[in-house]
Amino acid sequence: MDIRECLPSDKHDFEAVRKLSEFSDVELKVIIPELMEWLQDGNWPISKPVEDLLLRLGGDLIPHIKDVLQTQDPQWEYFILVGLIDRLPISHLSMLQTDLVRILESPTPSEVLEELDEVIVELLEKMEETNER
């Protein structure tokens, strides 16, 4: 069975996420971009289960997260920041430091409106606290 046939079809497709959870991490890596799209709105019921599934992939998520942070879609960036990124281990979070600092120091007007700086300051403080230990 092609893993893409198991992708969610709507924001309530929990059965699809359950089926995807049975695939190996190697198989899931192929559909990371498609799964990331389900995190565009953290209010969608399926968002959290997809996030849980993606977190299994650890460092393999970093390039895809970086892509989202370059999308000019501040709502998607926000939901990635407060959901997926906030739940990553510090070692993975530090791989995103340059991107986070860019948004903090040179935000787009829409990133300012979405108040991404507040979320990023918290993430950077979390990294600092861990580094000081």
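So, a few notes on the structure that sits alongside this text.

The rules behind each value
- Within each chain, residues carry numbers counting from 1 in the order of the written sequence.
- Per-residue local features of the predicted model are confined to residues with pLDDT of at least 70, and side-chain atom pairs are confined, for both listing and counting, to 80 or more; whole-chain, interface and lining totals are unaffected and use all residues.
- Hydrogens and waters are ignored; side-chain quantities use all the structure's heavy atoms.
- For the purposes of this entry, the term helix denotes a DSSP run of H or I that reaches at least four residues, the term strand denotes a run of E that reaches at least two, and both are numbered from the N terminus.
- Just to be clear, the radius of gyration here is over C-alpha atoms, and the globule rule we use is 2.2 Å times residues to the power 0.38.
- Whether a residue is buried, partly exposed or exposed follows from its accessible area with a 1.4 Å probe, protein chains only, as a fraction of its type maximum: under 20%, in between, or over 50%, in that order.
- Under this rule, positive means Lys or Arg and negative means Asp or Glu; His and the chain ends count for nothing.
- The working definition used for a salt bridge is a side-chain nitrogen of Lys or Arg within 4 Å of a carboxyl oxygen of Asp or Glu.
- Polar contacts, as used here, are pairs of N or O atoms within 3.5 Å; protein pairs need one atom able to donate a hydrogen and one able to accept it. Residues neighboring in sequence count only if both atoms are side-chain atoms.
- In this analysis, two residues are considered to be in contact whenever any of their non-hydrogen atoms come within 4.5 Å of each other.
- Throughout, nonpolar core names a set of buried Ala, Val, Leu, Ile, Met, Phe, Trp, Tyr and Cys residues whose side chains join them through atoms within 4.5 Å.
- In this description, the arc belongs to the directions extending from the helix axis to the C-beta atoms.
- Put simply, two rings from Phe, Tyr or Trp (the six-membered ring, in Trp's case) pair if the centres are within 6.5 Å, and we call them stacked under 30 degrees between planes, edge-to-face over 60, tilted for the rest.

Within the protein chain, the regular secondary structure consists of ten helices and zero strands. For the protein chain, the N- to C-terminal ordering of α and β elements is α-α-α-α-α-α-α-α-α-α. For the protein chain, the C-alpha radius of gyration of 15 Å lies close to 14 Å, the compact-globule estimate for 133 residues. Judged by the C-alpha coordinates and their principal axes, the protein chain covers about 45 × 35 × 20 Å. Counting only residues that meet the buried cut, the protein chain has 40% of its 133 residues in that class.

The next thing to look at is the side chain of Asp13. Along the polypeptide, Asp13 turns up in the segment before helix H1 (14-21). The side chain of Asp13 sits in the buried core without any salt bridge; Lys19 is the nearest counter-charge, 7.1 Å away. In this structure the side chain of Asp13 is engaged in a polar contact, spanning 3.1 Å, whose partner is the backbone nitrogen of Ala16. When neighbours within four sequence positions are excluded, Asp13 is seen to be in contact with Leu7, Pro8 and Ile46.

Of note in this structure, Gln72 is not a glycine but carries a positive phi near 65 degrees. Positionally, Gln72 belongs in the loop between helix H5 (62-69) and helix H6 (74-87).

Right, let's talk about the nonpolar core for a bit. One recurring pattern in soluble globular proteins: nonpolar side chains tend to sit buried together. If you look at the biggest cluster of nonpolar residues, it comprises 39 residues, and the most contacted ones within it are Met36, Leu54 and Ile65. Going through the elements one at a time, H1, helix H3 (32-36), helix H4 (47-55), H5, H6, helix H8 (97-105) and helix H10 (116-132) are the ones with two or more residues in this core. The leading source of residues in this core is H10, at six residues. Beyond its immediate sequence surroundings of up to four residues, Met36 is in contact with Leu54, His64, Ile65, Val68, Trp76, Ile80 and Leu84.

So, about the side chain of His92. Along the chain, His92 turns up in helix H7 (residues 90-93). Beyond its immediate chain neighbours, meaning those up to four positions away, His92 contacts Gly58, Gly59 and Ile62.

When we look at burial in H1, the residues that qualify are Ala16, Val17 and Leu20. All buried residues of H1 fall inside an arc of 100 degrees around its axis, so they share one side. Of the surrounding elements, those touching the buried residues of H1 are helix H2 (25-29), H3 and H4.

Here we come to the packing of aromatic side chains. Scanning the model with the defined rule gives two aromatic pairs in all. Their ring planes at 65 degrees and their centres at 5.9 Å tell us that Trp38 and Trp44 sit as a pair that is edge-to-face. The buried category is assigned to Trp38, whose relative accessible area is 16%. Of the residues examined, Trp44 reaches a relative accessible area of 24% and is grouped as partly exposed.

According to the stated counting rule, one finds eleven salt bridges in the structure shown. Among the salt bridges present, the one from Arg4 reaches Glu34, with a minimum N-O distance of 2.9 Å. Here the residue Arg4 occupies a position in the segment before H1, and Glu34 occupies one in helix H3, the gap between them amounting to 30 residues. A relative accessible area of 38% places Arg4 in the partly exposed class. With a closest N to O distance of 3.7 Å, Glu51 and Lys48 form a salt bridge. Residue Glu51 and its partner Lys48 are both found in helix H4; the two are separated by three residues, about one turn of the helix. Salt bridges sharing partners connect three or more residues here, namely Lys48, Glu51, Asp52 and Arg87.

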